[in-house]
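Okay, here's what each chain looks like letter by letter:
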Amino acid sequence: QVQLVESGGDLVQAGGSLRLSCTASGFLGSFDVMGWYRQAPGKQRELVATISSGGTTAYADSAKGRFTISRHNAENSVYLLMNSLKPEDTAVYYCQARHTRYEYWGQGTQVTVSS
């Protein structure tokens, strides 16, 4: 059974930084794509950033220039470095991993940015 576990969420002041981590267990091989999504209260879940097994990245416009996604294929881990955080970045951040037609989600980690 594949499990994704996120960590690193916290309460931080605007302008601060956080690094989220996600590690997958129960999977042999490398996921095609790993990524981060977020969901703010009363809003739909939205894409933040993704990274392929080859290192190709994609970012939401809101994340470009401030967030950096990276991964460690051998450890099936993905990271999100978030700089210059804003109150509107407050959300539960979810890790996602995809392999062929399968996708897996973590339980989420809370990021709260105070003004």
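The structure we're discussing is the one just above.
Residues numbered from 1 in each chain as written. Predicted model: local features only at pLDDT ≥ 70, side-chain atom pairs only at ≥ 80, totals over all residues. Heavy atoms only, no water.

Q: What am I meant to see in the overall build of the protein here?
A: When helices and strands are tallied, the protein shows zero helices and 11 strands. Mapped from its N terminus to its C terminus, the protein presents α and β elements in the order β-β-β-β-β-β-β-β-β-β-β. The C-alpha radius of gyration of the protein comes to 13 Å, within 12% of the 13 Å expected for a compact globule of 115 residues. Principal axes of the C-alpha set define a box for the protein whose edges measure 40 × 25 × 20 Å. Expressed as a percentage of the 115 residues in the protein, the buried residues total 43%. Roughly 6100 Å² of accessible area belongs to the protein as shown, and the carbon and sulfur atoms make up 48% of that amount. Across the protein, the centroid of the 10 positively charged side chains sits 3 Å from that of the 9 negatively charged ones. (Helix = DSSP H or I, 4+ residues; strand = E, 2+ residues; numbered from the N terminus. Rg over C-alpha atoms; globule rule 2.2 N^0.38 Å. Buried < 20%, exposed > 50% of the residue type's maximum accessible area, 1.4 Å probe, protein only. Areas by Shrake-Rupley, 256 points an atom, 1.4 Å probe, with all protein chains shown as cover. Lys, Arg positive; Asp, Glu negative; His and termini not counted. Charge placed at Lys NZ, Arg CZ, Asp CG, Glu CD.)

Q: Mind showing me how you'd approach the state of the cysteines here?
A: A covalent bond between the sulfur atoms of two cysteines is what we call a disulfide. According to the stated counting rule, one finds one disulfide in the structure shown. Residue C22 pairs covalently with C95 via a disulfide, S to S 2.1 Å. Across the S-S bond of C22 and C95 the torsion is about -80°, and the bridge reads as left-handed. Of this pair, C22 sits in strand 3 (residues 18-25) while C95 sits in strand 9 (residues 91-99); the two residues are 73 residues apart in sequence, bridging distant segments of the chain. Using a relative accessible area of 0% as the deciding quantity, one classes C95 as buried. (Disulfide = S-S within 2.5 Å.)

Q: Even after reading the chapter, I still don't get the pairing of strand 1 (residues 3-7), so can you show me in this structure?
A: Within a regular beta strand, the side chains point alternately toward one face of the sheet and then the other, so they alternate between its two faces. Of the two faces of strand 1, only one is covered, namely that formed by L4 and E6; the face formed by Q3, V5 and S7 stays uncovered. In this structure, strand 1 lies alongside strand 3, joined through five bridges in antiparallel fashion. When the bridges of strand 3 are listed, Q3 appears paired with S25. (Pairing = 2+ DSSP bridges.)

Q: Is there a simple way to explain unusual backbone geometry in this structure?
A: Glycine aside, residues mostly have negative phi angles, and peptide bonds mostly take the trans form. Non-glycine residue N76 carries a positive phi angle of around 50°. By the secondary structure assignment, N76 is in the loop between strand 7 (67-72) and strand 8 (77-82). For S84, which is not glycine, the phi torsion reads 50° and is therefore positive.

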